[in-house]
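Now for the letters of each chain:
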Amino acid sequence: MSSVQRQLSQLLGAWRWKRRAEYSLYSATGIHCRSFCSPPSGPEEAIEIHKKKLFLWFSHLPQEEKQFGGCFSPETMHVDPLILERNAEERAGLLTSPLQTQAPYSGHVTVEQLFETTDAWSEGRGLNVLLYGAVGTGKSTVVRKLVLDWCAGTTLTHFKLLVPFSCEDLGQLSKAVSLMDLVGRKYLHLRKHPLLGGEGDQARDVLFLFNGMEKMKLDFRIGATELCSDPNEVLPPGVVVVNLLRKYLLPEASVLVTTRLSALDRIPQKYVTRYAQICGFNDLDRQRAYFTSRLMQQTGETTHNNEVNGLIELLYLNLQRESQLAAACFLPSYCWLTCATLHFLHFTDAKAPIRTLTGIYTSFLRLNFGGEVLGTGTGTNAAIQGQHNSLMLYVVRTVGKLAFDGVTNKRTSFSEEELEQWIGGKTKTDEELRQLAMFRTDVLDFFLAPCVESFKHSPEDPSKIDQKRYVFAVPAMQEYLAALYVVLGENKSALEKMTKEVSLAIGQASEDVSAIFNILSKFIPLRIFAVFNLLKLFPKLYEKISIKNKGSIARTMTAEMFRTEDRYNEDVLDQVEQSLLGVHGPEPQQISEAQPFELYPIFMGGLLHYGNRVLLQQLGCSIQSTTVAQITHALRKYLVRELSQPQPPEELMDLLLLLYEFQNPRLTAEVLASIRSIRLTNVRMTSRKCFVLSSVLSCTPASYRLEELDLSSCLLTQDRLPMLWPAFRHTFKLNLQFNSLGPESCILLRDLLLDPESCIRSLQLCDNTLLESGASTLLEAFPENQSLTHLSLMHTGLGDRGAQELAERLQQHKGLQELNVAYNNIGDRTAMTLVDACREHPSIHTVHLYLNPLTDVGKQSLYVRGDPKSHSGRRVKVLASVTEGSDLSEDWHPILSVIQKNISSWDRQRVKEQLKVFLRDLEWGRQQQQSFWKRLHFRRVEKGVRQTLRMLEKDTIPPSSGKSKWAINTRR
């Protein structure tokens with residue numbers, strides 16, 4: 001029996017060992033990687049397995065990188081940042097302003113060159129290299145590329161083994177462990193590897209990499225960390241790292257440490273062989289190479305490549321002007337944010353997961369500050385945990401407070417005195433001072449940068465030159481942090497904060513106190529004990545105050561969204577694009593300090609989205625679901641109230657973006673229920689805006705219908721129509737005039753008319769080059785569609801053949817009432833055929849034929865043909881000219897209005913000729929009149945035509961603009 005048990009025990013042990021060999025846990029990243037084979041048979045095979053696993057591990061990109069699409073890899077998108085070797089004396093020195101012209105750096109090195117032997121190198125000892133840099137300069141990216149290149153055999157080939165560690169991971173280990181066991185714990189295949197055994201000088205082929213040393217507390221005092229030279233001796237992880245750096249443990253091995261500026265002095269100078277500083281992208285060539293590698297990762301289509309090249313050129317021109325963006329892109333992290341924003345604006349995939357602008361900024365902060373707590377740098381081993389020590393929450397309470405003050409007072413730049421006031425102005429204890437010092441060294445410069453305009457426009461008074469002004473690295477970051485400051489409730493007054501603390505204390509104690517006094521009242525019948533029941537009222541009172549405070553947040557969002565002074569600004573997405581690509585044209589002579597903060601309320605709504613709240617929770621910033629519900633309830637009421645008033649197109653586009661960022665279908669449906677029509681005239685409808693419009697309207701029930709969706713003069717092209725399909729299905733009247741739609745666009749419009757769920761009654765396609773082929777495609781929907789009543793094909797290039805086909809197909813559609821084919825180069829014969837077909841149609845009552853090359857005889861014949869053949873027949877109103885024979889046409893005013901509205905986009909010579917024909921008809925008709933009042937009426941119409949003709953000849957026609965129109969009507 002014992003032998004059977006012994007055999008089972010051996011089998012169970014072998015099975016467990018095999019399972020451990022199949023799965024390895026990489027704690028530094030928190031992912032599980034499957035091994036490629038059975039346990040290695042030798043040291044060389046173990047290293048090969050190590051390289052394969054490291055390559056898979058470090059090739060894994062964060063979720064935020066996958067939003068760019070394409071086949072991304074670290075090799076295709078990596079651009080080396082500037083790395084400068086520093087002397088020990090100048091190790092804390094920073095680069096001067098990136099906007100100043102500098103000579104090439106003589107100390108520029110690569111990571112591989114840092115491990116070349118120097119005069120200070122001693123035989124038998126490895127090198128200790130300290131690579132440091134500010135937040136966002138690219139330390140983690142350099143480490144990732146270094147490991148991948150070593151795995152591929154292209155760099156640091158003289159090291160047989162590279163062992164990377166995350167100091168954040170090591171800092172979480174509470175159990176003592178030896179160096180051999182530590183390596184074996186993180187990399188099972190390297191367990192008991194001979195290169196780590198300390199025998200002979202084999203360790204000279206080993207490179208240890210410790211990334212993020214600022215997240216690990218190291219103490220180099222002999223009294224705190226004992227000396228150890230045995231790789232198998234069990235010690236705390238921090239002691240193991242210290243002995244590696246002391247060269248007491250495996251002295252032949254080399255060590256690469258990365259850290260931030262605040263932790264630079266934690267390693268004594270005598271233990272560092274070389275200092276190197278990562279300085280980011282100090283020149284435009286590096287920045288342009290980064291943007292190209294990122295943005296060119298699109299599909300291989302020529303149109304996309306042309307668009308990307310155009311974006312890169314505009315971006316490069318903006319950087320060359322020494323703009324504030326150039327100063328921000330000195331940090332590779334902001335280059336990433338710029339690329340992510342441009343990708344969001346210009347490369348929209350309807351099939352990809354939903355992405356929001358707020359989500360991009362939240363992910364950006366998570367990539368740079370995810371999970372960090374604010375340490376003190378005192379060298380203690382105690383981990384500082386808790387929400388009150390969250391680094392991101394500290395940023396919100398300091399930099400966010402500064403941003404909120406700027407948004408409230410409409411300011412974007414701040415003096416040094418203001419920074420001192422808002423950031424750390426009330427610190428008192430030594431602990432707070434140490435935290436503030438670390439924050440200013442590592443984090444503050446990440447968000448704030450010297451104002452470029454203050455350098456360009458230095459005052460004449462020399463005493464004021466030193467008064468530097470600081471701005472946020474990118475303008476949108478100020479609005480994001482201000483929004484986060486408000487949503488987290490950090491803008492409460494001192495009374496509100498005290499009320500909350502008292503309420504929590506009373507709420508916790510009231511039940512116990514009430515229970516005690518209820519017991520005492522049984523024996524001591526004193527009515528006074530009933531007074532203590534008032535304690536229960538205090539938490540309820542605070543709850544009402546809290547709900548009122550959440551309502552004020554919603555009221556602030558609505559007030560900022562519909563500010564009167566921002567009513568006719570560009571829409572928010574265009575403002576974001578201009579901040580990145582610049583405004584290419586004449587700049588205003590005076591730069592106004594007051595600027596709109598229209599992203600601020602949109603970010604407030606976006607931060608309430610569940611996905612962003614999850615990311616913020618990881619950053620230590622918690623937004624409760626009850627808070628979101630209270631804000632949402634109040635916001636719906638305020639938005640509906642504001643929408644009872646008409647809004648300009650740009651404001652309406654911003655509202656749609658707010659609802660899109662919020663990602664709350666129920667709120668969206670309730671707000672849109674009050675909207676009767678959406679007019680986005682003259683709003684430049686990019687692919688992102690089309691996606692926003694369709695996404696928002698998709699939240700409404702299937703029965704929801706708009707009276708009108710006006711997308712005229714929106715620069716729409718045929719490739720954006722598929723994104724708008726869901727929006728088209730929710731409207732009765734669709735206006736697509738004055739866009740860039742071609743014949744291929746009619747395929748989608750035909751399918752739209754054939755869609756049984758579509759209910760379009762009016763379709764306006766004026767000034768699109770549909771041509772005869774496009775019109776023929778559109779007319780294929782006539783037999784099955786019966787909802788269309790008004791069709792406008794004015795100035796679409798129909799010609800005689802297209803109009804002839806239209807006349808032949810009219811009888812297939814029995815519900816059409818009005819047809820506009822003006823300005824289509826239609827001759828007399830085809831026009832008469834079309835009017836005859838309209839007269840025979842059961843419902844058409846008006847046909848537009850003006851601005852076509854019709855003769856006087858032809859016009860007169862058309863008017864006659866429009867009359868019914870019998871007393872019981874129908875009359876078709878034919879609009880061919882401003883006159884009907886010797887009388888004025890009753891429709892002269894709408895004809896001239898259409899001409900004046902579209903004259904800026906039409907062929908001016910053609911319009912001049914038509915206006916001269918109108919003048920000739922008016923003069924002849926006036927001469928035939930006997931009545932003084934009729935002649936006076938003719939002269940009034942002549943005056944308007946002559947005035948338009950003079951404006952054409954002087955080329956003073958203003959461009960058509962929809963800014964004077966109201967963009968929204970509400971259901972009463």
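Because the structure is predicted, anything quoted here is derived from the model rather than measured. (Residues numbered from 1 in each chain as written. Predicted model: local features only at pLDDT ≥ 70, side-chain atom pairs only at ≥ 80, totals over all residues. Heavy atoms only, no water.)

Brief notes about the overall build of the protein chain
Move 1: Scanning the protein chain for helices and strands turns up 35 helices and 22 strands.
Move 2: A burial count over the protein chain gives 53% of its 972 residues as buried.
Move 3: In the protein chain, 78% of the contacts between residues at least 6 apart in sequence involve partners at least 24 apart.
Move 4: Summed over all atoms, the accessible surface of the protein chain reaches about 45,100 Å², with 52% contributed by carbon and sulfur. (Helix = DSSP H or I, 4+ residues; strand = E, 2+ residues; numbered from the N terminus. Buried < 20%, exposed > 50% of the residue type's maximum accessible area, 1.4 Å probe, protein only. Contact = heavy atoms within 4.5 Å. Areas by Shrake-Rupley, 256 points an atom, 1.4 Å probe, with all protein chains shown as cover.)

Description of the side chain of His813
Move 1: Structurally, His813 is set in the loop between α30 (799-809) and β17 (818-820).
Move 2: Residue His813 is classed as buried on the basis of its relative accessible area, which comes to 0%.
Move 3: Setting aside residues up to four positions removed in sequence, His813 forms contacts with Phe782, Asn785, Gln786, Ser787, Leu788 and His841.

Digging into the pairing of strand β8 (residues 274-278)
Move 1: Within β8, 5 of the 5 residues are buried, which leaves it mostly tucked inside the rest of the structure.
Move 2: Of the two faces of β8, the one lined by Arg274, Ala276 and Ile278 and the one lined by Tyr275 and Gln277 are each fully buried.
Move 3: Strand direction decides the pairing type here: strand β3 (residues 83-86) and β8, joined by 4 bridges, are antiparallel. Counterpart to Ile83 in the pairing with β8 is Ile278.
Move 4: For strand β4 (residues 128-132) and β8, the ladder comprises 4 bridges, and the chain directions are parallel. Among the inter-strand pairings, Leu130 is bridged to a residue of β8, identified as Tyr275. (Pairing = 2+ DSSP bridges.)

Details of the sheet that holds β3
Move 1: Overall, mixed pairing links the 6 strands, which are arranged β3-β8-β4-β7-β6-β5 in an open sheet. Looking at strand neighbours, the two that pair on one side only are β3 and β5 (161-166), the edges of this open sheet. Across the sheet, the mean angle from the axis of one strand to that of its neighbour is 20°, orientation sign disregarded.
Move 2: Sheet topology places strand β6 (residues 206-211) next to strand β7 (residues 254-259); 4 bridges connect them, and they run parallel. Its bridge partner being in β7, Phe210 is matched across the sheet by Val257. (Axes fitted to C-alpha atoms, helices over the stretch in contact; angles between N-to-C directions.)

Concerning the confidence of the model for the protein chain
In low-pLDDT regions, the fine details of the predicted coordinates are not to be read closely.
Move 1: Per-residue confidence for the protein chain gives a mean pLDDT of 79; residues scoring 70 or more make up 76%.
Move 2: A low-confidence stretch, residues 1-38 (pLDDT under 50), is modelled with 42 contacts involving residues beyond four sequence positions or located in other chains. (pLDDT = per-residue confidence, 0-100.)

Looking at the packing of aromatic side chains
Move 1: Enumeration over the complete set of coordinates arrives at 23 aromatic pairs.
Move 2: Considering the side-chain rings of Tyr334 and Phe446, the 5.1 Å spacing of their centres and the 35° angle between planes classify their relative orientation as tilted. Here the residue Tyr334 occupies a position in helix α11 (residues 332-346), and Phe446 occupies one in helix α15 (residues 430-447), the gap between them amounting to 112 residues. Residues Tyr334 and Phe446 agree in their burial class; the two are buried. (Phe/Tyr/Trp six-rings, centres within 6.5 Å; stacked < 30°, edge-to-face > 60°.)

Points about the environment of Glu307
Move 1: Tracing the backbone through its elements, the reader meets Glu307 in helix α9 (residues 302-320).
Move 2: In this structure Glu307 touches His346 and Phe347, once residues within four positions along its chain are discounted.

Focus on the pattern of salt bridges
Move 1: Summed over all chains, the structure comprises 30 salt bridges.
Move 2: Residues Glu560 and Lys410 are paired through a salt bridge, measuring 3.6 Å at the closest nitrogen-oxygen approach. Of this pair, Glu560 sits in helix α19 (residues 537-561) while Lys410 sits in the loop between α13 (391-408) and β9 (413-415), placing them 150 residues apart in sequence. Take Glu560 and Lys410: they sit in the same class, and that class is buried.
Move 3: Note that Arg440 is salt-bridged to Glu420, the shortest N-O span being 2.9 Å. In this pair, Arg440 is assigned in helix α15 and Glu420 in helix α14 (residues 416-422), connecting sequence segments 20 residues apart.
Move 4: The partly exposed category is assigned to Glu420, whose relative accessible area is 42%.
Move 5: Within the structure, one salt-bridge network assembled from shared partners comprises Asp571, Asp574, Glu577, Arg684 and Lys689. (Salt bridge = Lys/Arg side-chain N within 4 Å of Asp/Glu carboxyl O.)

Topic: unusual backbone geometry
Move 1: You will see that Lys247, though not glycine, has its phi angle at about 65°, which is positive.
Move 2: Considering the arrangement of structural elements, one finds Lys247 in the loop between α7 (237-246) and β7.
Move 3: Unlike most non-glycine residues, Leu715 shows phi in positive territory, near 60°.
Move 4: Its place among the elements puts Leu715 in the loop between β13 (706-710) and α27 (721-728).

Considerations on the nonpolar core
Move 1: Membership of the largest hydrophobic core comes to 175 residues, with the highest contact counts inside it found for Phe447 and Leu849.
Move 2: Residues contacting Leu849, with those up to four places away along its chain left out, are Val821, Ala822, Ile826, Ala831, Leu834, Val835, Leu854, Leu862, Val878, Leu879 and Ala880.
Move 3: If you look at the next biggest cluster of nonpolar residues, it comprises 72 residues, including Ile83, Phe165, Leu235 and Ile267. (Core = buried A, V, L, I, M, F, W, Y, C linked by side-chain atoms within 4.5 Å.)

Here's the deal with α27
Because each turn of an α-helix spans 3.6 residues, side chains separated by three or four positions end up pointing in the same direction.
Move 1: Those residues of α27 lying buried are Leu721, Met723, Leu724, Ala727 and Phe728. All buried residues of α27 fall inside an arc of 145° around its axis, so they share one side.
Move 2: Residues of α27 that are buried make contact with α26 (687-697), β13, β14 (731-735) and α28 (745-754). (Arc of directions from axis to C-beta.)

Some points on the sheet that holds strand β11 (residues 469-472)
Move 1: Strand order in the open sheet formed by 3 strands is β9-β11-β10, and the pairing between neighbours is antiparallel. Of all the strands in the sheet, the pair left with one neighbour each is β9 and β10 (448-450). Taken pair by pair, the neighbouring strands of this sheet meet at an average axis angle of 40°, ignoring direction.
Move 2: Two strands pair when backbone bridges link them, and β9 and β11 are joined in this way by 3 bridges, in the antiparallel orientation.

Considering a nonpolar patch on the surface
Move 1: The grouping of Ile222, Leu227 and Tyr248 at the surface amounts to a nonpolar patch, some 290 Å² of accessible area in total.
Move 2: Relative to the assigned elements, Ile222 resides in the loop between β6 and α7. (Patch = residues over 30% accessible without salt bridge, like charges linked within 9 Å, V, L, I, M, F, W, Y side chains within 5 Å.)

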